[in-house]
Amino acid sequence: QVHLVESGGGLVQAGGSLRLFCTASGSIVSINTMAWYRQAPGKQRELVATITSDGSTNYADSVKGRFTISRDNAKNTVYLQMNSLKPEDTVVYYCNAQGVLLATGYVGDYWGQGTQVTVSS
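These numbers were taken from a predicted model, which means no experiment stands behind them.

A.B. asks: Mind showing me how you'd approach the overall build of the protein chain here?
C.D. replies: Each helix and strand counted, the protein chain has 0 helices and 11 strands in total. Reading the secondary structure of the protein chain in the N-to-C direction produces β-β-β-β-β-β-β-β-β-β-β. Over its C-alpha atoms the protein chain spans a radius of gyration of 14 Å, differing by no more than 12% from the 14 Å that the globule rule assigns to 121 residues. Seen through its C-alpha atoms, the protein chain measures out along the principal axes to roughly 50 × 25 × 20 Å.

A.B. asks: Please explain the packing of aromatic side chains as it appears in this structure.
C.D. replies: Each aromatic ring pair is described using two quantities: the centre-to-centre distance and the angle formed by the ring planes. Counted according to the given criterion, the structure contains 2 aromatic pairs. With a centroid separation of 5.6 Å and an interplanar angle of 80°, the aromatic rings of Phe21 and Tyr79 are classed as edge-to-face. Here the residue Phe21 occupies a position in strand β3 (residues 18-25), and Tyr79 occupies one in strand β8 (residues 77-82), the gap between them amounting to 58 residues. Relative accessible area serves as the criterion here: at 31%, Phe21 is assigned to the partly exposed category. Ring centres of Tyr37 and Trp111 lie 5.0 Å apart, and the angle between their planes is 65°; on these two criteria the pair is classed as edge-to-face. Pair noted here: Tyr37 is in strand β4 (residues 28-39) and Trp111 is in strand β10 (residues 107-111), with a separation of 74 residues, a long-range link. On the basis of relative accessible area, Tyr37 is assigned to the buried category, the value being 18%. Of the residues examined, Trp111 reaches a relative accessible area of 39% and is grouped as partly exposed.

A.B. asks: Any chance you could explain the pairing of strand β1 (residues 3-7) here in plain terms?
C.D. replies: Walk down a regular strand and you will see the side chains alternate between the two sheet faces. Only one face of β1 is buried: it carries Leu4 and Glu6, and the other face, with His3, Val5 and Ser7, is open. Where β1 meets β3, 5 bridges bridge the pair, whose relative direction is antiparallel. Note that in β3 the partner of Val5 across the bridge is Thr23.

A.B. asks: Is there a simple way to explain the sheet that holds strand β7 (residues 67-72) in this structure?
C.D. replies: Backbone hydrogen bonds are what pair the strands of a sheet, in a parallel or an antiparallel way. The sheet built from 4 strands is open, its strands ordered β1-β3-β8-β7 with antiparallel pairing. Only two strands of the sheet have a single partner each, and these edge strands are β1 and β7. Geometrically, the sheet is characterised by an average inter-axis angle of 15° between neighbouring strands, direction not taken into account.

A.B. asks: I'm lost on the nonpolar core in this one. Help?
C.D. replies: Nonpolar side chains tend to gather and get buried jointly when the protein is soluble and globular. Trp36, Leu80, Met82 and Tyr93 are the most contacted members of the largest nonpolar core, which has 32 residues in total. Going through the elements one at a time, β3, β4, β5 (46-52), β7, β8, β9 (91-102) and β11 (115-120) are the ones with two or more residues in this core. Element by element, the count of residues in this core is highest for β9, at 6 residues.

Rules used throughout
- Residues numbered from 1 in each chain as written.
- Predicted model: local features only at pLDDT ≥ 70, side-chain atom pairs only at ≥ 80, totals over all residues.
- Heavy atoms only, no water.
- Helix = DSSP H or I, 4+ residues; strand = E, 2+ residues; numbered from the N terminus.
- Rg over C-alpha atoms; globule rule 2.2 N^0.38 Å.
- Phe/Tyr/Trp six-rings, centres within 6.5 Å; stacked < 30°, edge-to-face > 60°.
- Buried < 20%, exposed > 50% of the residue type's maximum accessible area, 1.4 Å probe, protein only.
- Pairing = 2+ DSSP bridges.
- Axes fitted to C-alpha atoms, helices over the stretch in contact; angles between N-to-C directions.
- Core = buried A, V, L, I, M, F, W, Y, C linked by side-chain atoms within 4.5 Å.

Quick look at the structure:
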């Protein structure tokens with residue numbers, strides 16, 4: 001089994017910064033893509049940013065220039081540096097790992113439990 005544990009969420013004033021962390025644990029051989037999504041109450045989960053194992057990144061238009069995704073493959077950890085935060089960034093952020101190859105040969109996708117980010121105006 002694979003567990004994704006997120007941390008780093010919290011309360012910050014508009015214009016401030018937060019850094020989210022997500023570490024995957026288990027009998028993991030490799031992870032193809034790691035990503036951050038976010039979801040507001042009553043809305044669909046939306047993609048924030050992705051990063052592949054070779055470091056290629058992709059961002060939602062709403063966060064381009066403000067958020068930076070990075071990862072440490074050796075630690076199976078993905079980060080999300082969030083700068084210039086806005087009140088509309090207030091949602092729950094979820095970590096996602098895609099194409100996770102386990103020692104058993106199984107390949108699957110996994111989600112973290114979510115971490116709340118609140119930006120006050």
